[in-house]
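# Per-entry structural report
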Amino acid sequence: MSRNPRYDVLFESVRIGPVTARNRFYAVPHAAGMTNTMPHMRASFRETKAEGGWGVVCTGYVSIDPSSDDAPLPYATLWDDHDIRSHALMTDGVHKHGALAGIELWHGGGSVMNRSSRLPPLSPSGTSWMATHVNFMGHQRPKLMDAQDIRALLTQQAQAARRARQAGFDIVYVYAGMGYLPYEFLLPEWNQRTDAYGGSVANRVRLVRELLEVTQEAVGGKCAVALRISLEELRARPSASAPSQAHEVVALLADVPDLWDVKLDSAPTDCAPSRFSSEGSHESVIDFVKTLTRRPVVGVGRFTSPDTMVSQIRRGVLDLIGAARPSIADPFLPAKIDAGREQDIRECIGCNICISSWHYGVPVRCTQNPTIGEEWRRGWHPERIEPAGSATSVLVVGAGPAGLECALSLGRRGYEVSVAEAADDIGGRLRFETRLPGLAGWGRVLDWRREQLQRLSNVNVYRGNRLTAGDILEVGYTHVVLATGARWARLLYSALEIPVGELHGPGVFTPEDIAAGAPLRSPVVVYDFDNYYMGSVLAEYLARGGHSVSYVTPAGHAAASTIMSNEQPQVHRALASASVALHTLSRVTAFAGGVVTLATQFTERERRLPCESLVIVGTRFADDTLYGALTARADEWQGSGIRSVTRIGDALAPGALVDAVYSGHRYARELDAAPETLGYRRDAPLERRA
Ligand SMILES: Cc1cc2nc3c(=O)[nH]c(=O)nc-3n(C[C@H](O)[C@H](O)[C@H](O)COP(=O)(O)O)c2cc1C
Ligand code: SF4
C-alpha cells in the first residue's frame, strides 16, 4: 500500500528556526509519569514515537529549579548538570529515528506547593491557585516575586536551556501555559504588579519575552526556541486595540519565538475528554494565531483523522499537527498514514486514563494501547509481537474488551484462536455503554479490534455461542481463556465505606438491568459509590429519557474519581443541564414504599426522597461461574487436552476498560513465554557522577 496523495501535505518538512522537522507530525510536550527516576523507560517510550514517524518528539514538563517542585506529581528536572545524561538517553533514542527532540522547560510558580524542596513557591503578586480538589489543594502560599526573583528566574531558564542543548535537544521551550509562572504574569488576576511587569498587556508580556530572549541567547542559535502558551482566558478578554487580549499578546511577540505551540488553559478544556468535546475542539480559540506571526504554529485537539489534519493545514489554522493523546494511543500514527494504512490507526478514545495516570503519579497507561510505558521494562512494542511459542489452539470465552484484545494479540502471534461470545454481537459491556450519553467515542475500542480481527484467518469469532463447562471439555482446546466479565452487585454502602447489605425486591436495579431494558418508573434515584463514569452517565441517560432523576453519592462530588480524568467539571455541568438533582455526602440506607432513606455521611442525619426505582451503581464482582464449573472438573482437563484455564480482565478482577485491555494483552504476550522473561525490569535513576 502507498500513501494517499491527499495526505502528502502532512509529510512536507517544516523549518523551525535553525532546525527542520521532517514532517508535520508533532508529539507535543506531555508528562509520562516516568520522570528522571525511570530514565530508560522514558527514553524508550519517546523513542518509540520517533520510530513511529513523528517529526518532533517532546518531553513533558521539565522543572528548571527546585523552586518549581510539583511533588508528588511526576515531573522531570533539569536542575543541574547531573540531570543532563538522563535526558540525553531520550534525545539519542529520538535522533536514531530521524526526529527532532523538544524539551519543555517549566516553572510552576504559584501553582506548585514545593512539597519536596520546601522552598517558598513564587508568583507575580503572592497569589496562589486555590484549587478545591484534593489532589491539587495545598496550604503553602507563594512569595511575591521581587526584581531579584525575576532575575534569578531568567538565570535558571538560561542555565536549563544550556543544559538542554548539551543534552542534545533541538527545540527548547518557554512554557507560558496552564496556570504556571509565565502564564501567571499574563493574567491580571494573578498579576497585580505595579512595576514594569504588571498593568498593561505589554508589561504583562514582558517576562515571557525576556524568557524567550535568555533562552535564545543560551542556545546560541543551535536550537529552535518555542513558546507554548494557553490562550483561552486571554481570548475571552476584551482589548481596546485588538479583537482580544490574546491577539494583543500574540502580536506583541509575533516573530520572537521560532515556533508557537498553542493550547487551552485548564486541563478539562485543553486535554478535553471525548465525553464532552470532539476532535479539533481548540480551533475556535487558537485559529487567529497564524494571521499574526510568520513563525510555524503547532496546536492540538485529539487529532486522529488525517482528513481533519489536512483541513487544519489547508485552512491556515496550523502548520504542524500536535498530538499528546493520539501519539500515546498510536505511536505509529504517522507511519500508518504514510503507508496508506490509516484504517489501522488505533484511535484515541478520549477517555483520559492517560491523564489519570499522571495524576496518580505512575507511568502512563492507555486504554487503547496496552504497550505504552512497557517498551523498556517489559520489552513490548506497539506494532511487533513475538511469534507463537507453540502450535497450540486457544479458546477465548467472551468477546468484550479483554477477550478481543487477547484474541487479537494471540492471533498476531500465530496461535489458532476461537472466540466464543454468548451474545449476538461482540463488545461485552461496551455494547450498552457506548449508547450512553457521550460514550459513543469509546466504541473505538471495539471498532479497531473488530476491524483488525477480520484480517486474521487464524482467529474465528462465534457469536450467540454460550458455552458450558461440558462444551469446553468436549471441544478440547489447549488453552482456555475466560473473559466472561463482571456483574454489578445490589449492595449498599456502610459507614465504614465497605459494600454491605444486599437490597433486593421490586424497583431495585443495576446497570445491567437498564442495559437489558428493564422498565423503570419515576422518580428514579441513581445511587453511585462506584465513583467513576457509570453512575453519572446513567443518571444523565435516564433524565434525558424523560425520568425525574436524583443522583446520590457518599462522595463529595458526582463521579468523584473523574477528577483524575479531567471529566468532573463537565460531569457536574451535564447533570445540571439534564436537571438531575444532586445529593452528595449521602448514603442510601433503606428503600421501601416509594421512599428511599438517606443518611448524611459523617452526621448520620436522615432524609427521605421519593423513589420508585433505585439504580445501584456500586461495586462489581467477577462473573466466574464458568470458571467455577471448569475447576470443579479439573480432573477431566487432561483427557480433553486442556493444559490451562485462565481468567482475564473483569472475570479476574473487575476494573476500568484500560485494565481489561491490558489484562488481555498481557495474557497473549506471556503465553508460552519462558518463566524468567515474565515480570518486568525495574528502572532506576542514573547514578550521579562525581
Ligand atoms: C498524560 C498527559 C500529560 C500531559 N502533560 C503535559 C505537560 O507536561 N506539559 C504540557 O504542556 N502539556 C501536557 N499535557 C497536555 C497536552 O500536551 C495537550 O495539550 C493536551 O493533551 C491536548 O492535546 P491532545 O488532544 O493531542 O491530547 C498532557 C496531556 C496528557 C494526556
Ligand atoms: S488513555 Fe484514553 S485518552 Fe489517553 S491516549 Fe489512551 S485512549 Fe486516548
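One can find the structure itself at the top, above this paragraph.
Worth saying up front: this structure is predicted, and the values here are computed from it rather than measured.

The subject of this paragraph is the packing of aromatic side chains. To describe a pair of aromatic rings, one takes the distance between the centres and the angle between the planes. Applying the stated criterion across every chain, the model contains 18 aromatic pairs. Here Phe11 and Phe25 contribute two aromatic rings whose centre-to-centre distance is 5.2 Å and whose plane-to-plane angle is 55 degrees, an arrangement assigned as tilted. You can see Phe11 sitting in the segment before β1 (14–16) and its partner Phe25 sitting in strand β3 (residues 25–27), a full 14 residues away along the chain. Residue class for Phe25 comes out buried when judged on its relative accessible area of 1%. An aromatic cluster of three or more residues is present, and its members are Tyr61, Tyr75, Trp79, Trp106, Tyr175, Tyr180 and Trp358. Across the ring face of Trp448, the terminal group of Arg346 is positioned such that the distance to the ring centre comes to 5.2 Å.

This part takes up a nonpolar patch on the surface. Residues Leu496, Ile498 and Val500 make up a contiguous nonpolar surface patch of roughly 300 Å² in combined accessible area. With respect to the helices and strands, the residue Leu496 is situated in the loop between β19 (491–493) and β20 (499–502). On the basis of relative accessible area, Leu496 is assigned to the exposed category, the value being 70%.

A few words on the sheet that holds strand β23 (residues 549–552). Strand order in the open sheet made by the 5 strands is β21-β28-β22-β23-β24, with parallel pairing throughout. The sheet is open, and its two borders are formed by β21 (508–509) and β24 (581–583), each paired with just one other strand. The sheet contact formed by β21 and strand β28 (residues 613–617) spans 2 bridges and is parallel. Bridged to Val508 within β28 is Leu614.

A few words on the packing of helix α20 (residues 534–544) against helix α21 (residues 568–577). Helix-helix packing is described using two parameters, namely the angle between the two axes and the distance between the axes. It is the contact of α20 with α21, at a shortest axis distance of 9 Å, that shows an interaxial angle of 20 degrees. Between α20 and α21, the crossing angle belongs to the class labelled roughly parallel. Along this stretch, α20 crosses α21, giving a crossing that reads as left-handed. Of the residues in α21, those in contact with Ser536, Ala539, Glu540 and Arg544 of α20 are Val571, Ala574, Leu575 and Ser577.

Moving on, we get to the site of ligand 2. Of all residues adjacent to ligand 2, which total 14 residues, the nearest are Cys348, Cys351, Asn352, Cys354 and Cys366. Broken down by secondary-structure element, the contributors of at least two residues to the shell around ligand 2 are α12 (325–329) and α14 (353–360). It is α12 that provides the largest number of residues to the shell around ligand 2, a total of 3 residues. Its residues placed into classes, the shell around ligand 2 shows 8 nonpolar, 4 polar and 2 charged.

Another point: the sheet that holds strand β27 (residues 606–610). The 3 strands are arranged β25-β26-β27 in an open sheet whose pairing can be described as antiparallel. Only two strands of the sheet have a single neighbouring strand rather than two, namely β25 (586–592) and β27. Taken pair by pair, the neighbouring strands of this sheet meet at an average axis angle of 30 degrees, ignoring direction.

What follows covers the packing of helix α15 (residues 401–413) against helix α17 (residues 444–453). Here α15 crosses α17 at 30 degrees, and the two axes come no closer than 10 Å. Looking at the two axes, α15 sits roughly parallel to α17. Viewed along their axes, α15 and α17 form a crossing whose handedness is left-handed. Within the contact between the two elements, α15 uses Pro401, Leu404, Glu405, Ala407, Leu408 and Arg412 and α17 uses Val445, Leu446, Trp448, Arg449, Gln452 and Leu453. For the contact of α15 with α17, the residue count by class is 8 nonpolar, 1 polar and 3 charged.

Across 3 bridges, the pairing between β19 and β20 is antiparallel. Opposite Leu491, over in β20, you have Glu502 as the bridge partner. Between β19 and β20, which pair antiparallel in sequence order, lie 5 residues; one of them, Glu497, sits at a positive phi of approximately 65 degrees.

Further remarks concern the pattern of salt bridges. By the definition in use, this model includes 46 salt bridges. The salt bridge partner of Arg235 is Asp287, with a shortest N-O separation of 2.7 Å. Here Asp287 lies in the loop between α9 (283–286) and α10 (289–292) and Arg235 lies in helix α6 (residues 232–235), a separation of 52 residues in the sequence. Taking relative accessible area as the criterion, Arg235 reaches 27% and is therefore assigned partly exposed. Across the pair Arg449 and Glu405 runs a salt bridge, and its minimum N-O distance is 2.7 Å. Placement of the pair is Arg449 in helix α17 and Glu405 in helix α15, with a sequence separation of 44 residues. The exposure class of Arg449 is buried, given its relative accessible area of 1%. One network of salt bridges, in which partners are shared, links Glu374, Arg377, Arg378, Arg666 and Glu670.

Turning our eyes to something else, we now look at the site of ligand 1. The immediate surroundings of ligand 1 are formed by 21 residues, with Pro29, Glu104, Arg228, Arg302 and Arg325 found nearest. With respect to ligand 1, the side chain of Lys263 contributes an N or O atom lying 3.2 Å from an oxygen atom. A distance of 2.6 Å separates an oxygen atom of ligand 1 from a polar atom in the backbone of Arg302. Look at ligand 1: alone it shows 600 Å² of surface, and the protein chains cover 97% of it. If you list the elements that add at least two residues to the shell around ligand 1, you get β4 (56–63), α12 and α14. Looking at the shell around ligand 1, its residues break down into 12 nonpolar, 3 polar and 6 charged.

Cut-offs and rules
Residues numbered from 1 in each chain as written. Chains lettered and ligands numbered in written order. Predicted model: local features only at pLDDT ≥ 70, side-chain atom pairs only at ≥ 80, totals over all residues. Heavy atoms only, no water. Phe/Tyr/Trp six-rings, centres within 6.5 Å; stacked < 30°, edge-to-face > 60°. Helix = DSSP H or I, 4+ residues; strand = E, 2+ residues; numbered from the N terminus. Buried < 20%, exposed > 50% of the residue type's maximum accessible area, 1.4 Å probe, protein only. Lys NZ or Arg CZ within 6 Å of the ring centre and 35° of its normal. Patch = residues over 30% accessible without salt bridge, like charges linked within 9 Å, V, L, I, M, F, W, Y side chains within 5 Å. Areas by Shrake-Rupley, 256 points an atom, 1.4 Å probe, with all protein chains shown as cover. Salt bridge = Lys/Arg side-chain N within 4 Å of Asp/Glu carboxyl O. Pairing = 2+ DSSP bridges. Axes fitted to C-alpha atoms, helices over the stretch in contact; angles between N-to-C directions. Parallel < 35°, antiparallel > 145°, perpendicular 65-115°, else oblique. Left-handed = near helix turned anticlockwise from the far one by under 90°. Contact = heavy atoms within 4.5 Å. Near = heavy atom within 4 Å. Nonpolar A, V, L, I, M, F, W, Y, C, P; charged D, E, K, R; others polar. Polar contact = N/O pair within 3.5 Å; in protein donor to acceptor, adjacent residues only side chain to side chain.

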